[in-house]
Amino acid sequence: MTQTATKNPAAAPEMAAQEVLMALANAGAFGSGEHGAINSSGRSTAVAKAMIDIHEQLTAYYRTLPGAQ
């Protein structure tokens, strides 16, 4: 990753969480296309909710780290 927030997530908790989500998405963790996890409306909604949950939990965790803003 070339971003910097993940190097010190306490300094920018939301940005760091976004970077982690982008890295997961770029790696194909959430699937795509015909054979992936998001090949239907219901699955797309479930993936979106999971991504939101991951972001919220990561942000909350990063805010507990020493030096968090």
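A short tour of the structure in this document, coming up. Predicted model, so just to flag it, every value in this text is computed and none were measured. (Residues numbered from 1 in each chain as written. Predicted model: local features only at pLDDT ≥ 70, side-chain atom pairs only at ≥ 80, totals over all residues. Heavy atoms only, no water.)

**Quick look at the overall build of the protein chain**
Part 1 of the argument: Regarding its fold elements, the protein chain presents two helices and zero strands.
Part 2 of the argument: Looking at the 69 residues of the protein chain, the share that counts as buried comes to 22%.
Part 3 of the argument: For the protein chain, the accessible surface area stands at approximately 4600 Å², while carbon and sulfur atoms represent 56% of it. (Helix = DSSP H or I, 4+ residues; strand = E, 2+ residues; numbered from the N terminus. Buried < 20%, exposed > 50% of the residue type's maximum accessible area, 1.4 Å probe, protein only. Areas by Shrake-Rupley, 256 points an atom, 1.4 Å probe, with all protein chains shown as cover.)

**Some remarks on the nonpolar core**
Part 1 of the argument: A5, A16, A17, L58 and Y62 together form the largest nonpolar core, which totals five residues.
Part 2 of the argument: Mapped by element, the contributors of at least two residues to this core are α1 (13-26) and α2 (41-64).
Part 3 of the argument: The residues touching A17, leaving out its near neighbours within four places in the chain, are H55, L58, T59 and Y62. (Core = buried A, V, L, I, M, F, W, Y, C linked by side-chain atoms within 4.5 Å. Contact = heavy atoms within 4.5 Å.)

**Overview of α2**
Part 1 of the argument: Across its 24 residues, α2 extends 35 Å between first and last C-alpha, which sits within 8% of the 34 Å expected from 1.5 Å per residue.
Part 2 of the argument: By the burial criterion, the buried members of α2 are V47, H55, L58, T59 and Y62.
Part 3 of the argument: Contacts made by the buried residues of α2 are with α1. (Expected span 1.5 Å × (residues − 1).)

**Focus: α1**
Part 1 of the argument: Its 14 residues place the ends of α1 20 Å apart at the C-alpha level, agreeing with the 20 Å of an ideal helix rising 1.5 Å per residue.
Part 2 of the argument: If you check which residues of α1 are buried, you get P13, A16, A17, E19 and L21.
Part 3 of the argument: Among the structural elements, α2 are those in contact with the buried residues of α1.
Part 4 of the argument: Immediately downstream of α1, the backbone of G28 shows phi near 85°, a positive value.

**As for the packing of aromatic side chains**
Part 1 of the argument: Applying the stated criterion across every chain yields a total of one aromatic pair.
Part 2 of the argument: Ring centres of Y61 and Y62 lie 5.8 Å apart, and the angle between their planes is 55°; on these two criteria the pair is classed as tilted.
Part 3 of the argument: According to the relative accessible area criterion, Y61 is partly exposed, its value standing at 48%.
Part 4 of the argument: Judged by its relative accessible area of 11%, Y62 is buried. (Phe/Tyr/Trp six-rings, centres within 6.5 Å; stacked < 30°, edge-to-face > 60°.)

On their own, these measurements won't tell you what the molecule is for.
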